[in-house]
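Descriptive structure summary
Each chain is listed here by its residues.
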Amino acid sequence: MKRARFSALCAVLVAVLTVGYLSGCSDDHRSDGITDVPEVLKSMPGAGNVMTFDDMLATVAKRVPGFGGAYLGDDGSLTLVMVDASKAPAAESALRSLFDMQAVEYSSIRVRQGNYGFDQLKGWSDAVDRNILGRDGVVFTDIDERDNTLRVGISDPSIRKDVEAAYRAVGVPANALAFEAAEPVRQVATLQNTVRPIAGGLQIHWFSPAGAGFLCTLGFLARRQGVLGFVTNSHCSGTQGGVQNTQYHQSLAAGIANRIGLETADPAYFLGGICPAGKKCRYSDAAFARVPHPAGPAVATAFGRIERTAVNSLVILGTHTILGKQIPTFLGELVQKTGRTTGTSVGRVNRTCVNTSVSGSNVYMLCQATVPANVGSGDSGSPVYRVVNGGVFSVALNGILWGGSSNPTTFWFSTMDRVDQELTALTVN
Amino acid sequence: MEHMLVRRGYSIVFRKRSQLKLTSVFMIIIAAVSAMMGGCTAGKKHTDEGPLTCLVSIQRSSAAEGAVTFRLTLANRSAGALDLGLQGNPAFRFSVVTNSGALVWESTGSEPVQQILELRTLAPSDSMVFTCTWNRTDTRGHTVPAGEYLVHGRVELDPPLTARATPVLLVLD
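Residues numbered from 1 in each chain as written. Chains lettered and ligands numbered in written order. Predicted model: local features only at pLDDT ≥ 70, side-chain atom pairs only at ≥ 80, totals over all residues. Heavy atoms only, no water.

**Comments concerning the overall build of chain B**
What counts is decided by this rule: Elements are defined by DSSP. Helices are runs of H or I of four residues or more, strands are runs of E of two residues or more, and each kind is numbered from the N terminus. Under the scheme applied here, a residue whose accessible area is under 20% of the maximum for its type counts as buried, over 50% as exposed, and between as partly exposed, the area being computed with a 1.4 Å probe on protein chains only. The criterion used for residue contact is that any of the two residues' heavy atoms lie within 4.5 Å. Surface accessibility follows the Shrake-Rupley procedure with a 1.4 Å probe radius. Residue values consider only the protein chains on display as shielding.
Secondary structure assignment for chain B yields 1 helix and 13 strands. For chain B, the N- to C-terminal ordering of α and β elements is β-β-α-β-β-β-β-β-β-β-β-β-β-β. When the 173 residues of chain B are sorted by exposure, 47% land in the buried category. For chain B, restricting intrachain contacts to residue pairs at least 6 apart in sequence, the fraction spanning at least 24 positions comes to 71%. Accessible area for chain B stands at about 8,700 Å²; split by element, carbon and sulfur atoms hold 56% of it.

This is the structure in structure tokens:
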């Protein structure tokens, strides 16, 4: 069907170009600025006489009543769907007059029984589509040439009855309507784009008290003491340790439009005890921000989800579902992280419970884990997780990335048990 | 008064003896601030320098065995504002190597760097200054002997911009 449509659309373009320009063979410009267009286009409604593929098939059906559609079969034949098979030659002739059939390759012509003319299906579609396509859960509508039906893709089964009622109200018979489950269509987006609903792995933007702007990664959505929000790094806040009411935006600040959260928890770093002299310590580089921001817009959230990309890619392919927390993290465990700068990278945990100084600061991190895998600036806050259930996009959270070092390239992360301990119990799925 | 000579292809900065006392006081202040900040600091200063350049200079304390402060200036020489992405915290790196290229010390060491990305706009003729104090010990904590060394400095920027300074000669007494 797609191949046929593509070919036919190409044919339409060829026809328009041929009739509109080549047949004129003139350098003269018409004073009214209108170029020659086929008569059939002139009769179509809408600005600029834009004619869709469905419009063309409906035109054929008007010329040949009972023409239900046409498509290229798997065997390469051109299949005509006809209410009355005896009119197939007329339908073929009408198709040839409208399309440049030389551009459509087919081996033979077949006729298949249909119930409805394409113009009838198109009429029903036009009457209902504009009312239902804006509804949540309706992904697409289509006039299915192969099945001679109106096909509706829905992502939410609970809306099916309402949608059926809308079609019945304009007289669509039950056998002219088909439903199928469909995933919501998302434009190609990357971790650095503005994406709703928000999920782990996306870019976030915030400002220091001095007004400097920074980029980090949203770790994962969580509920803390019953409040919805997300976890990112403590150092991805106004001041590392303590709450400065940092405002977070996704992907970039644009007034309040992209404001998604407000910092509400970032435990203080402690001195003394196990903490070396001159250092301040914590067990996790984690802070919590509530969502939405009390002075911001409503924010759609994909709770329990992490954006899914290919390794070393930023392009979002879908989401991972968080099944729970991975506690503890074992040496040798295969984990991955997804961050706004380097996307997804994978490696095995090669150190656990390591104490380390942090470059350029007096921060000392206790009991951290490392993974020899790609990392880049802006990945701070990335969720670290392992794939479970045989790799069908289900994961368990191991923690949150905060640092990187070279020779070899390694990322450092705070494990989930310590994040949980310092932010108090989090619900993540 | 500060003089700059070119020697063996590298720039060298030194001060007249009469300036050392004042410099020492200045250095103590910088060192104290640096210690609070973990050894290295980043600041911003307006200059009249033109191009986007990365320049390392050296400020020495009076004590021969004392700390040495490195200063890296990143200036916008273009006519328009530059949007910079400063990679990591800290985004700057200093290193000291021998004349034969052996690494003696580097500011980030082997410690992990926070993977943050700072967005800054550098206006025409504006500059950023980064300083870092070296306590004259090598990567193993041993005091570095007298001799000639090269000081490298760079700022990690989002591509395509780069900021790498011409190495500067450091003579330790």
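Additional details are given in the paragraphs that follow.
**Observations regarding helix α7 (residues 416-423) of chain A**
Turning to α7(A), its buried residues number three or more, namely Met416(A), Val419(A), Asp420(A), Glu422(A) and Leu423(A). Phi turns positive one or two residues past the end of α7(A), at Thr424(A), with a value near 65°.

**Details of the packing of aromatic side chains**
Counted only if it meets this: Between 30 and 60 degrees the pair is tilted, below 30 it is stacked and above 60 it is edge-to-face, where a pair is any two Phe, Tyr or Trp rings, Trp via its six-membered ring, whose centres lie within 6.5 Å. Here, a charge over a ring is recorded when the distance from Lys NZ or Arg CZ to the ring centre is within 6 Å and its angle to the ring normal is within 35 degrees.
Under the counting rule described, the total for this entry stands at 12 aromatic pairs over all chains. Ring geometry for Phe411(A) against Phe413(A): centres 6.1 Å apart, planes inclined by 55°, an arrangement best described as tilted. When sorted by exposure, Phe411(A) lands in the same class as Phe413(A), which is buried. What links up through ring pairs into an aromatic cluster is the set Phe70(B), Phe92(B), Phe94(B), Trp105(B), Phe130(B) and Trp134(B). Positioned above the aromatic ring of Tyr269(A) is the side chain of Arg282(A), whose terminal nitrogen or guanidinium carbon lies 5.1 Å from the ring centre. Geometry around Phe393(A) places Arg308(A) over its ring, the cationic atom sitting 3.6 Å from the centre.

**Some points on the sheet that holds strand β6 (residues 177-181) of chain A**
Residues and elements named next belong to chain A. Worth spelling out the cut-off: Pairing between strands requires that DSSP locate at least two bridges from one strand to the other. Here the axes come from fitting lines to C-alpha atoms, over the contacting stretch only for helices, and the angles between their N-to-C directions go from 0 to 180 degrees.
Taken in spatial order, the 3 strands line up as β4-β5-β6 in an open sheet, and their pairing is mixed. Of all the strands in the sheet, just β4 (138-144) and β6 have a single pairing partner and so form its edges. Neighbour to neighbour, the strand axes of the sheet diverge by 20° on average, direction disregarded. Where strand β5 (residues 149-154) meets β6, 5 bridges bridge the pair, whose relative direction is parallel. Across the sheet, residue Val152 finds its bridge partner in β6, namely Phe179. The strands that helix α6 (residues 160-168) touches are β4, β5 and β6; relative to β6, the one it contacts most, it runs at about 155°.

**Quick look at the interface of chain A and chain B**
For clarity, the cut-off: Buried area is understood as the total, over both parts, of accessible area removed when two parts are fitted together, assessed with a 1.4 Å probe. What counts as a salt bridge is simple: a side-chain nitrogen of Lys or Arg found within 4 Å of a carboxyl oxygen of Asp or Glu. Between N or O atoms, a polar contact is any pair within 3.5 Å; within protein, one atom must be a potential hydrogen donor and the other a potential acceptor, and residues adjacent in sequence are included only when both atoms are from side chains.
The partner chain B presents 19 residues to the 31 residues of chain A that form the contact. Carbon and sulfur atoms make up 55% of the area that chain A and chain B hide from each other, which totals about 1,800 Å². On the chain A side of the contact with chain B, Ser359(A), Gly360(A) and Ser377(A) bury the most area, a combined 31% of that side's loss. Counting every contact that joins chain A to chain B gives 0 salt bridges. Linking chain A to chain B there are 11 residue pairs in polar contact (both at pLDDT 80 or more).

**Looking at the sheet that holds strand β2 (residues 78-82) of chain A**
All names here are of chain A. Strand order across the open sheet formed by 3 strands is β1-β2-β3, with mixed pairing between neighbours. Both outer strands of the open sheet, β1 (67-72) and β3 (109-113), are each paired with one neighbouring strand and no more. Geometrically, the sheet is characterised by an average inter-axis angle of 25° between neighbouring strands, direction not taken into account. Summarising the sheet, β1 and β2 pair through 5 bridges and their orientation is antiparallel. Within β2, the position partnered with Leu72 by the bridge is Leu78.

**Thoughts on the nonpolar core**
Residue and element names in this part refer to chain A. The test is simple: As used here, the term nonpolar core means buried Ala, Val, Leu, Ile, Met, Phe, Trp, Tyr and Cys residues forming a set that is joined through side-chain atoms within 4.5 Å.
In this structure, Phe67, Leu80, Leu95, Leu150, Val152, Val163 and Tyr167 are the most contacted members of the largest nonpolar core, which totals 38 residues. For this core, the element with the highest residue contribution is helix α3 (residues 53-63), accounting for 6 residues. Not counting chain neighbours up to four residues away, the residues in contact with Phe67 comprise Leu57, Val60, Ala61, Leu80, Val81, Met82, Ala91, Leu95, Tyr116, Gly117 and Phe118.

**Some remarks on the confidence of the model for chain B**
Caution is warranted with low-pLDDT regions, since their predicted coordinates should not be read in detail. The test is simple: Every residue gets a pLDDT, meaning the predictor's confidence in that residue, from 0 to 100.
When pLDDT is averaged along chain B, the result is 73, and 67% of the positions lie at 70 or above. In the predicted assembly, ipTM is 0.71 and pTM is 0.66.

**Focus: the state of the cysteines**
By definition, a disulfide is the covalent link that joins the sulfur atoms of two cysteine residues. All names here are of chain A. For clarity, the cut-off: Counting rule for disulfides: a pair of cysteine sulfur atoms within 2.5 Å.
The final tally for this structure, using the stated rule, is 3 disulfides over all chains. Across the disulfide from Cys216 sits Cys236; the S-S distance is 2.0 Å. Around the S-S axis, the bridge from Cys216 to Cys236 shows a dihedral of about -85° and counts as left-handed. Linking Cys216 in strand β9 (residues 213-217) with Cys236 in the loop between β11 (227-232) and β12 (247-249), this pair joins segments that are 20 residues apart in sequence. Disulfide partners in chain A, listed by the sequence order of the bonded cysteines, are 1-2, 3-4, 5-6.

**Re the environment of Val83(A)**
Among the structural elements, Val83(A) can be located in the loop between β2 and α4 (88-98). Sequence separation between Val83(A) and Gly66(A) is 17 residues; the distance between their C-alpha atoms is 4.7 Å.

**Quick notes on the pairing of strand β7 (residues 92-98) of chain B**
Residues and elements named next belong to chain B. Where burial is concerned, most of β7 is hidden: 6 out of the 7 residues are buried. Inspection of the sheet shows β7 paired to strand β11 (residues 147-155) by 7 bridges, in the antiparallel sense. If you follow Ser95 over to β11, its bridge partner there is His152. Bridge analysis of β7 against strand β8 (residues 103-106) gives 3 bridges, and the strand direction is antiparallel. Considered in β8, the bridge of Val97 is made with Leu103. In textbook terms, the turn of a hairpin is the stretch between consecutive antiparallel strands, and for β7 and β8 this stretch comprises 4 residues, one of which, Gly101, has a positive phi near 95°.

**Here we look at the packing of α3(A) against α4(A)**
All names here are of chain A. Note the cut-off: Convention used here: angles under 35 degrees read as roughly parallel, angles over 145 as roughly antiparallel, angles from 65 to 115 as roughly perpendicular, and any remaining angle as oblique. By the definition used in this description, the sense in which the near helix is turned from the far one sets the handedness, with an anticlockwise turn below a right angle giving left-handed and a clockwise turn giving right-handed.
Closest axis-to-axis distance for the α3/α4 pair is 9 Å, and the angle between their directions is 135°. Of the possible angle classes, the one that applies to α3 and α4 is oblique. Crossing of α3 over α4 shows right-handed handedness. Across from Met56, Leu57, Thr59, Val60 and Arg63 in α3, the residues of α4 making contact are Ala91, Ala94, Leu95, Ser97 and Leu98.

**Some thoughts on the side chain of Thr246(A)**
Residues and elements named next belong to chain A. Inspection of the secondary structure assignment puts Thr246 in the loop between β11 and β12. A polar atom in the side chain of Thr246 sits 2.8 Å from the backbone nitrogen of Gly238. A distance of 2.8 Å separates the side chain of Thr246 from the side chain of Glu263, its partner in a polar contact. Leaving out residues up to four positions away in the same chain, Thr246 has contacts with Trp206, Phe207, Ser237, Gly238, Gly261, Leu262 and Glu263.

**A few points about the packing of helix α5 (residues 118-132) of chain A against α6(A)**
Residues and elements named next belong to chain A. Short version of the rule: Three classes are used: nonpolar for Ala, Val, Leu, Ile, Met, Phe, Trp, Tyr, Cys and Pro, charged for Asp, Glu, Lys and Arg, and polar for all others, with Gly counted as polar.
For the pair α5 and α6, interaxial distance at closest approach is 9 Å and the crossing angle is 145°. α5 and α6 meet at a crossing whose hand is right-handed. In contact with Val128, Asp129 and Ile132 of α5, α6 contributes Val163, Ala166 and Tyr167. Split into classes, the residues belonging to the contact of α5 with α6 amount to 5 nonpolar, no polar and 1 charged.

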